[in-house]
Amino acid sequence: MLYFKTKDEIELIRESSLLVSKTLAEIAKAVKPGITTLSLDKLAEEFIRDHGAVPSFKGYRNFPSSLCISINEQVVHGLPSNRMVEEEDMVSVDCGVFLNGFHGDSAYTFYMGDDAAKLKLIYITKECLDLGVEKAISGMRTGDIGDAIQTYAIKNGYGVVRELIGHGVGRDLHEKPDVPNYGRKGSGMQLKEGMTIAIEPMINIGTKEVFTESDGWTISTKDGMPSAHFEHTVAIGRNQADVLTTFEYIEEVLQSNYAY
Ligand code: MG
Ligand code: MG
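Describe the overall build of the protein chain, and please don't skip the residues or the numbers.
Of regular secondary structure, the protein chain possesses five helices and 15 strands. Its C-alpha atoms give the protein chain a radius of gyration of 17 Å, near enough to 18 Å, the size a compact globule of 260 residues would have. Across its three principal directions, the C-alpha atoms of the protein chain cover 45 × 45 × 40 Å. Each of the 260 residues in the protein chain was classed as buried or not, and the buried ones make up 55%. With an accessible surface of roughly 11,400 Å², the protein chain has 51% of that area assigned to carbon and sulfur atoms.

The following block contains the structure:
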């Protein structure tokens, strides 16, 4: 279903979204070589519940965890486990919270290594997100967002995952409209004020092709090459997008980690 939100409802989604952003900042503090993805998941769930909210993903279609943690060639929907984070891992963390009747949804790819190809993938994927967000304006169409993301990713020689897409977000975690990371300018549903959407490019160094791992959840690249994922929850604006999640809290932590 497609739901239009009032200004007050958008403020509630902002609260949910900011809690997601703060939860991801807690992950930024903890994600280091040697930590298991399961302990990151526990930490997130505790932080979310301590703030009076519920993890959106836990129990959603029987998903067992609070976070999706997808490493390297894993694109999205990775299951937290006893796997330890390693020095050269790219760790994509997707988080949703349900607070005061509304969901917020955001994802960030953490990388502590110095591999130039991985650093470039992360940088470009984040730029793809920014380019998509720029189109989240009343009168634009979902295809304008997809086109902006796809054109820039392909220009950089990357694969754009097609099987998984962005979505409306609000009282339900996944609402209309569909927000693909590909498409033609001027196609798709027209965006209007009152719509809140999650924009979430999943960009692969190699092929765009993906498959589902035997755990039934984890989506991975077919060629085993790395994939990155960034996501914001955004309210459609009259003149510019209102980004409800933020990476500021995360990046404050990351910068202080590197300060010496
Ligand atoms: Mg998400
Ligand atoms: Mg999402």
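Additional details are given in the paragraphs that follow.
Explain the coordination of the magnesium ion (ligand 2) to me, and be specific about the residues and the numbers.
Around the magnesium ion (ligand 2), the protein supplies D105 (OD), H167 (NE2), E200 (OE) and E231 (OE) as donor atoms, at distances of 2.1 to 2.2 Å. Read N to C, the donor residues that coordinate the magnesium ion (ligand 2) are spaced as D-x61-H-x32-E-x30-E. Taken as a pair, the magnesium ion (ligand 2) and the magnesium ion (ligand 1) show a spacing of 3.1 Å, with D105 coordinating each metal. Taken together, the residues span a long stretch of sequence, with D105 in strand β5 (residues 102–111) and E200 in the loop between β9 (196–199) and β10 (202–204) at a distance of 95 residues. Judged by its relative accessible area of 2%, D105 is buried. Overall, E200 belongs to the buried group, its relative accessible area being 6%.

Break down the sheet that holds strand β15 (residues 242–243) for me, with residues and values.
Pairing between the strands of a sheet is mediated by backbone hydrogen bonds and can be parallel or antiparallel. Taken in spatial order, the five strands make up an open sheet running β8-β7-β9-β14-β15, and their pairing is antiparallel. A strand with exactly one partner marks an edge of an open sheet, and here the two such strands are β8 (175–179) and β15. The pairing of β9 with strand β14 (residues 232–235) spans four bridges and is classified as antiparallel. If you follow I197 over to β14, its bridge partner there is V234. Of the strands in this sheet, β9, β14 and β15 are in contact with helix α1 (residues 7–30), which crosses β14 at around 165 degrees.

Before we move on, can you summarise the sheet that holds strand β6 (residues 159–160) with the specific residues and values?
Read across the open sheet, the three strands follow the order β6-β10-β13; overall the sheet is antiparallel. Two strands close off the open sheet at either side, each with one partner strand: β6 and β13 (227–229). Pairing geometry for β10 and β13, over three bridges, is antiparallel. Residue I203 lies in a different strand from β13, and its bridge partner there is A228.

An account of the packing of helix α3 (residues 116–134) against helix α4 (residues 142–155) is needed here, citing residue identities and associated values.
Taken N-terminus to C-terminus, the directions of α3 and α4 make an angle of 155 degrees; their axes are 8 Å apart at the nearest point. Taken together, the axes of α3 and α4 are roughly antiparallel relative to one another. α3 and α4 meet at a crossing whose hand is right-handed. Of α4, the residues touching α3 (which contributes I124, E127, C128, L131 and G132) are I145, A148, I149, Y152 and A153. Here the residues of the contact of α3 with α4 are counted per class, giving eight nonpolar, one polar and one charged.

Calculation rules
Residues numbered from 1 in each chain as written. Chains lettered and ligands numbered in written order. Predicted model: local features only at pLDDT ≥ 70, side-chain atom pairs only at ≥ 80, totals over all residues. Heavy atoms only, no water. Helix = DSSP H or I, 4+ residues; strand = E, 2+ residues; numbered from the N terminus. Rg over C-alpha atoms; globule rule 2.2 N^0.38 Å. Buried < 20%, exposed > 50% of the residue type's maximum accessible area, 1.4 Å probe, protein only. Areas by Shrake-Rupley, 256 points an atom, 1.4 Å probe, with all protein chains shown as cover. Donors = N, O, S within 2.8 Å, 3.2 Å for Na, K, Ca; no water. Pairing = 2+ DSSP bridges. Contact = heavy atoms within 4.5 Å. Axes fitted to C-alpha atoms, helices over the stretch in contact; angles between N-to-C directions. Parallel < 35°, antiparallel > 145°, perpendicular 65-115°, else oblique. Left-handed = near helix turned anticlockwise from the far one by under 90°. Nonpolar A, V, L, I, M, F, W, Y, C, P; charged D, E, K, R; others polar.

Honestly, it's all geometry; don't read function into it.
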